[in-house]
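Working through the structure, step by step
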Amino acid sequence: EECAAFIAAVDWRENWIRCLLLWHLSLWVLFVFTRKNFPVQCGLFFGIAACVALAETLNGLCAKRWEKFATQNYFDERGVFAGIMLCAPLLALAFAMLLNFLVMASSMLVTVKRAEFRGKARELGAQAEAEAQAVPVPAVSERDERAYRRTNRKKGK
C-alpha cells in the first residue's frame, strides 16, 4: 500500500527522474560488462560508496533548489525519496558487486591452488624420474662389511 502511494506520488515523466533511472541502468550495465575486470569494479564500487555517502548532502542541496528542475518538492528532511530513488539501487548494486568480488576471489584461489598442485606434481615426478635413473647402490651394514673383511683376510687378499 505504501509502495503504491509512493509510485503514484512520483511524476515519472520528469526528465531528471528519467535521467536518474537511466544512470542506475547504465551503472548496472557497466557492472555486468566489467564483472571480470577487478580495477574497474573497484573504481565503480568506491564511486557508488561515495554517492551513497554524499546522499544526505545531495538531498539537502536538492531540497533548496528543487524548483529549478522538478515540478514538486520530493526532498524531505529525512531523505526518504533520496534514499529510495538514489541509495537503494546503489546499495543493491554494491551488494551484487560484493558477491562478484567473492566469486572472483574464490576463482582466483582455485586457480592458484591448481597451479600449486601442478608444481608439486611436476617436482615429485622429476624427483621420481631422477631416482629411477640413478644406479642403485646396495646398502652395506657394518656387520656385513666386517664379515667381508674377515673372509678376504682368510683368503689372503
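Residues numbered from 1 in each chain as written. Predicted model: local features only at pLDDT ≥ 70, side-chain atom pairs only at ≥ 80, totals over all residues. Heavy atoms only, no water.

Considering helix α2 (residues 15-33)
In this model α2 runs 26 Å from its N-terminal to its C-terminal C-alpha over 19 residues, within 8% of the 27 Å that 1.5 Å per residue would give. The elements touched by buried residues of α2 are α3 (38-53) and α5 (80-133). (Helix = DSSP H or I, 4+ residues; strand = E, 2+ residues; numbered from the N terminus. Expected span 1.5 Å × (residues − 1). Contact = heavy atoms within 4.5 Å.)

Observations regarding the packing of aromatic side chains
On inspection of all chains with the given rule, the structure shows 12 aromatic pairs. Ring centres 5.6 Å apart and planes at 40° place the aromatic pair W16 and F75 in the tilted group. Of this pair, W16 sits in helix α2 while F75 sits in the loop between α4 (55-64) and α5, placing them 59 residues apart in sequence. Residue classification places W16 among the buried positions, given a relative accessible area of 18%. Among the residues examined, F75 registers a relative accessible area of 8% and is labelled buried. Between W28 and F31 the ring centres are 6.0 Å apart and the planes differ by 85°, which places this aromatic pair in the edge-to-face class. (Phe/Tyr/Trp six-rings, centres within 6.5 Å; stacked < 30°, edge-to-face > 60°. Buried < 20%, exposed > 50% of the residue type's maximum accessible area, 1.4 Å probe, protein only.)

What about the side chain of Q41?
Topologically, Q41 is positioned in helix α3. Residue classification places Q41 among the buried residues on the basis of a relative accessible area of 0%. A polar contact is formed between the side chain of Q41 and the side chain of T34, at a distance of 2.9 Å. Every residue in contact with Q41, bar those within four places of it in the chain, is listed here: L30, F31, T34, R35, M97, N100 and F101. (Polar contact = N/O pair within 3.5 Å; in protein donor to acceptor, adjacent residues only side chain to side chain.)

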